[in-house]
Structures are given as structure tokens and as C-alpha cells.
Amino acid sequence: MKFIYTVIVFMLLVNASTAQEKEEKEKLSMKVFKDSLDGKLDMSDFLINFHGFIPVAQIVTEPALGGIGVMLTPIFIQPNKHQDLGEFVPPDITAAFVGITGNKTWGIGALRIASLPKQHLKYRLGAVYGDVNMDFFRNIPVVGEQKFPFNFNTTAAFASVLRQIGETQLFVGLEYLYLHNKVRPDFDFLQLPDFIDDKALDNNLSSVGIAMEFDKRDNVFSPNKGLYVVSDFRMNGAWTGSDYTYQNWNIAAFQYFQFAPKLVSGFRAEGKLQFADAPFYVKPGISLRGVPLARYQGDQTFLLETEQRYDFTDRWSAVGFVGAAKAITKELSFSEADLVYNYGTGFRYLIARKFGLRTGVDVAWSNEDFGWYIVFGSAWNNRN
């Protein structure tokens, strides 16, 4: 489940050491947390020179998970050992988390994102165990929109390996996703609603996919310019070990322009399409700030969003964003589906200059909901 959306950095000192010529140890001091250029708070040297991490207390603000919670996450960010002159190589990222939210959702997990430039490979590995409480919505004849709360006991594992094509920034490869779900309805009905079958309450989902990634961004955290395109086609079936047979095709594009030294304009376009019948909780959903997860689901979703960032200083920035989306079902065509919109604002602070990493807070409104989010890097990094 995608519920790691937001982070706020709390600076903690940890002991670290480096070997010197006389094998003496250099003590960690507050100077490590100041940028050599402007003397401002900055985590770059701590991450690079002391093999350190950003110990973060992530505040979970996702409305669908109770609107408040905390997640403890050490995030290790290291420059890749193989940097080609004139070519950007993303840093290696390792993270773990444990968290709980206001509606008694809790989970633990770990993630590794890294690349092997000499082998022209990049990979991702992740695993999560969670006990999740989440509301789903359906339109019921005569009654109208109805909320259905569920409890999910979920074990998930993910892996992908992509290989570079020639000297381009295009990577193509394979990915695998495994989900084991035990689902308990938290509502009183004499019988289950029509959109739930008995198999959906306890099953294995196992998908094999073909993935593509084209990345020309100037950095992976808070880009200023460049194009990023990702797409995958995933197949679930008996031959993959899944209890359901269905397919998903996802594609998303992110374009960043720096029209002026202080102005960065970002544009996002995304489509999710599902073929055949899948459990209700893996139906494509609209992913916008201010819109609760799973509030608007369909067999297909289409989304457009733009975010504008203005840098008042080298460290501090303001952002504004607006977006629109539709969720299409078998019963509703594109023109008949409700228009879901969002808008909001926020601020950013450049917390690690050498990585181009910004963090901050966003507030967002949508058709019927409000949300606030603590952002680590780009708000779009966790929503595609």
C-alpha cells in the first residue's frame, strides 16, 4: 500500500568516524551540518563524508489513514561510486521504516534504490508488512455514495531490474510484485456488497511486468529541469502465482522547465488502465494531494497536474499546484465521470544542496476533502 507520502526532518547527531593518516578519529561536530558555501543548515557533508543518514520522524498526513500518524525512518543517501564526467548518476538510497497512524494503521518495511553504472543496470528492492485500516467508496443505487471501511493485513515484496539501452537514458527491464492480503470488512451488512467477492478477502496477488524508464532530470529528488517518463505493463495469472487474472498498464510523464533562474515549472500527466477483473482494493485510483487514497477508483484513471516553484532565496521556496483527473468505470464513460480536482500551496527548504534535495509542507484542497503533507524531495516521487 502506498502510504509513505510525507516526511519532516529532525536533526539528530550520531557518532561517526573517518580514518586519518595517523589512524586518529575525527569527531563529529556541528560544522558538519553547515554548508561550506553559505553556512546554512545542510545535511550534504554528513551524508557524504560520514556515511551518515537523515534520521527522520515522518508525520503521516494521508486523510485515508486517519489524517495523522508518525513514521520513524533512517534514510541513507550516498553518491554512487561510479560518476562519469558530465553525466548525472543518481545517488544510492537505503531506507527502513516503522510507523502508526491515527486510525490504528501500522506497518514496517525497507527499501533499496541503487544503480550499477558499469553494468548499465539500476534496481529497486522493497518489502512491507502492514495492518491497514482504510475506507473505500462506492455509489449505491438509491442510497448514493456509501463509505465501506476495511482492515487489511498485507505482506508485500517488490523487485525491479532495468538495463540501459545503448548510450541513452532509456532503461528497460523486468519487475515483480507480490501481495498477500487478508481483508476484514469493518461494517455491518447481512451480505457483502456486490463489488466484493469471497476470494477478495484472502488471496495472493503475484505480478510479472515489463518496465521502461527514461530519465533526463537534473536530479532525482527536487528537479529543476528535464523529462522523466515511466511505464510498466504487469500481468497477474495462475502462471505467475496469482489468485486473479488481470493486467495493468501504467504510464506517467513529468516535465520540468526552469523558465527563469528562480522559477521552476513542473507538469505531470498520468494514465492507469486495468484489464479484466481484479480485487476492489487494487483498482486504479486517483492520486492527487488533497484527495484521499481510494476515494475515486475506476478501471481507468487519467490525470493532469502542474506545480510551480519560486525560489525566494537559494534555500527557501514557495510552491503552488493545481490538478484535475477522472476515474472511468464500465458504467461511466469519460464524459460522464466526475471531474476530480485539487489545488494548494506550500514551501520548501534546500536541506541537502549537493543532492538538490528540498523538504517542506504542502496544504491541498479537492472536491470534498482537505489534506496536508510533509514533502521529502518532490511530492510526485511517491504518487506515480
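Our structure's up above, just so we're on the same page.
This report concerns the structure included in the present document. (Residues numbered from 1 in each chain as written. Predicted model: local features only at pLDDT ≥ 70, side-chain atom pairs only at ≥ 80, totals over all residues. Heavy atoms only, no water.)

Right, let's get into a nonpolar patch on the surface. There is a patch of nonpolar side chains on the surface, built from Val70, Leu72, Val98, Ile100, Trp106 and Ile108 and spanning about 510 Å² of accessible area. The set of elements that each furnish at least two residues to the nonpolar patch consists of β3 (69-78), β4 (92-101) and β5 (106-116). In this structure, Ile108 sits in strand β5. Classification of Ile108 by relative accessible area gives partly exposed; the value is 40%. (Patch = residues over 30% accessible without salt bridge, like charges linked within 9 Å, V, L, I, M, F, W, Y side chains within 5 Å. Areas by Shrake-Rupley, 256 points an atom, 1.4 Å probe, with all protein chains shown as cover. Salt bridge = Lys/Arg side-chain N within 4 Å of Asp/Glu carboxyl O. Helix = DSSP H or I, 4+ residues; strand = E, 2+ residues; numbered from the N terminus. Buried < 20%, exposed > 50% of the residue type's maximum accessible area, 1.4 Å probe, protein only.)

A word on the packing of aromatic side chains. Summed over all chains, the structure comprises 21 aromatic pairs. Arranged with centres 6.1 Å apart and planes meeting at 40 degrees, the rings of Trp316 and Phe347 form a pair that is tilted. Note that Trp316 is positioned in strand β14 (residues 316-328) and Phe347 in strand β15 (residues 340-352), a separation of 31 residues in sequence. Residue class for Trp316 comes out partly exposed when judged on its relative accessible area of 44%. Classification of Phe347 by relative accessible area gives partly exposed; the value is 38%. Both rings, one in Trp365 and one in Phe370, keep their centres 5.2 Å apart while their planes meet at 55 degrees; by these two values the pair is tilted. (Phe/Tyr/Trp six-rings, centres within 6.5 Å; stacked < 30°, edge-to-face > 60°.)

Of note in the backbone geometry, Lys104 takes a positive phi value of approximately 70 degrees without being a glycine. If you trace the backbone, Lys104 turns up in the loop between β4 and β5. Even without being a glycine, Ala294 presents a positive backbone phi close to 70 degrees. Its place among the elements puts Ala294 in the loop between β12 (263-275) and β13 (300-311).

The next subject is the layout of surface pockets. As a volume, the largest pocket reaches approximately 1100 Å³. Residue lining of the largest pocket: 34 residues in total, with Arg138, Asn139, Gln297, Thr329 and Glu331 positioned closest to the centre. Sort the elements by how many residues they give to the lining of the largest pocket and strand β6 (residues 121-140) lands first, with four residues. For the lining of the largest pocket, the residue count by class is 17 nonpolar, four polar and 13 charged. (1 Å grid on protein atoms, 1.4 Å probe; cavity = no way out; pocket = protein on both sides within 12 Å on 5 of 7 lines; lining within 4 Å. Points joined across faces, edges and corners; volume = space filled by probe spheres on them. Nonpolar A, V, L, I, M, F, W, Y, C, P; charged D, E, K, R; others polar.)

Function-wise, these values are silent; they only describe arrangement.
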